[in-house]
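# Structure assessment
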Amino acid sequence: MNRILIAEDEERIASFVEKGLRANAFTTTVAADGDTALDYAVTGGFDLMVLDIGLPGRDGFTVLRQLREARVTLPVIVLTARDSVRDTVAGLEGGADDWMTKPFRFEELLARVRLRLRTAARAPEVTVLRSGDLSLDLRTRRARADARTVDLTAREFVLLELFLRHPGQVLSREQILSHVWGYDFDPGSNIVDVYVRALRKKLGAGRLQTVRGMGYRMP
């Protein structure tokens, strides 16, 4: 079942899109502002995002730009009241996969969602993630750093994969907890710090950076 993120601050439109997608067997989550939309989108927990441009907080253009800068390849369909050629070109050149203007017919949106999901499914699957001389083979679940094999626990593997999929991006402890441990965790726990220290020992110095007050990133 495909998971769709709906980034829309107009409750009436968000509800309309959500009901329609759920009626067609999609799982949906609504984000009513740009900050929440970006936080959800970078987790890797969605197959496609329907993105409004006029979001409070970060606007849709900013969300899209920061997603692509972080090398997140999540397909994005922009759904907006803006219909100028300049905005359309800016969105598509900024990394949007499709652009629809409001008002719209749900049947057309549904057709575009299905098309983008089919296109994404045909894309070659990445089996090895790399950052410099660090690599992680997703099939064999083996890591290599400085030409040596690194043994990882199951949690360390998922944590390293998360960092490698978001190079240069600061990941908060809450984002890491949610992705690696799911929602069954104590937000006051220091387990993220413990696992990051363990990964640093195994991978070598300089692989993971602490950003004070914000979280961790892989440069």
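A short tour of the structure in this document, coming up.

Rules behind the numbers
- Residues numbered from 1 in each chain as written.
- Predicted model: local features only at pLDDT ≥ 70, side-chain atom pairs only at ≥ 80, totals over all residues.
- Heavy atoms only, no water.
- Helix = DSSP H or I, 4+ residues; strand = E, 2+ residues; numbered from the N terminus.
- Buried < 20%, exposed > 50% of the residue type's maximum accessible area, 1.4 Å probe, protein only.
- Axes fitted to C-alpha atoms, helices over the stretch in contact; angles between N-to-C directions.
- Parallel < 35°, antiparallel > 145°, perpendicular 65-115°, else oblique.
- Contact = heavy atoms within 4.5 Å.
- 1 Å grid on protein atoms, 1.4 Å probe; cavity = no way out; pocket = protein on both sides within 12 Å on 5 of 7 lines; lining within 4 Å.
- Points joined across faces, edges and corners; volume = space filled by probe spheres on them.
- Nonpolar A, V, L, I, M, F, W, Y, C, P; charged D, E, K, R; others polar.
- Domains from an automatic or database assignment.
- Left-handed = near helix turned anticlockwise from the far one by under 90°.

### Observations regarding the environment of glycine 57
Assignment of secondary structure puts glycine 57 in the loop between strand E3 (48-51) and helix H3 (60-69). Given the relative accessible area of 65%, glycine 57 is considered exposed. It is 22 Å that separates the C-alpha atoms of glycine 57 and serine 84, two residues lying 27 residues apart in sequence.

### Re the packing of helix H6 (residues 154-165) against helix H8 (residues 191-203)
In contact at an axis separation of 10 Å, H6 and H8 are set at 85 degrees when each is read in the N-to-C sense. It follows that H6 is roughly perpendicular to H8 by the angle criterion. Within the contact between the two elements, H6 uses Arg155, Glu156, Leu159 and Leu160 and H8 uses Tyr195, Val196, Ala198, Leu199, Lys202 and Leu203.

### Describing the layout of surface pockets
Taken as a whole, the largest pocket spans an internal volume of roughly 1,100 Å³. As for the largest pocket, its lining consists of 38 residues, and the residues nearest its centre are Val72, Thr73, Leu74, Val126 and Arg165. Elements supplying a minimum of two residues to the lining of the largest pocket: helix H5 (106-122), strand E6 (128-131) and H6. Here the lining of the largest pocket is composed, by residue class, of 19 nonpolar, nine polar and ten charged. Two domains share the lining of the largest pocket, each providing at least three of its residues, namely domain 1 (3-117) and domain 2 (128-217).

### Digging into the packing of H6 against helix H7 (residues 173-181)
Viewed as axis vectors pointing N to C, H6 and H7 meet at an angle of 130 degrees, and their least axial separation amounts to 10 Å. Classified by the angle between their axes, H6 and H7 sit oblique to one another. Between H6 and H7 lies a crossing of right-handed hand. Across the interface between the two elements, Arg155, Val158, Leu159, Leu162 and Phe163 of H6 pack against Ile176, His179, Val180 and Trp181 of H7. In terms of residue class, the contact of H6 with H7 is made up of seven nonpolar, one polar and one charged.

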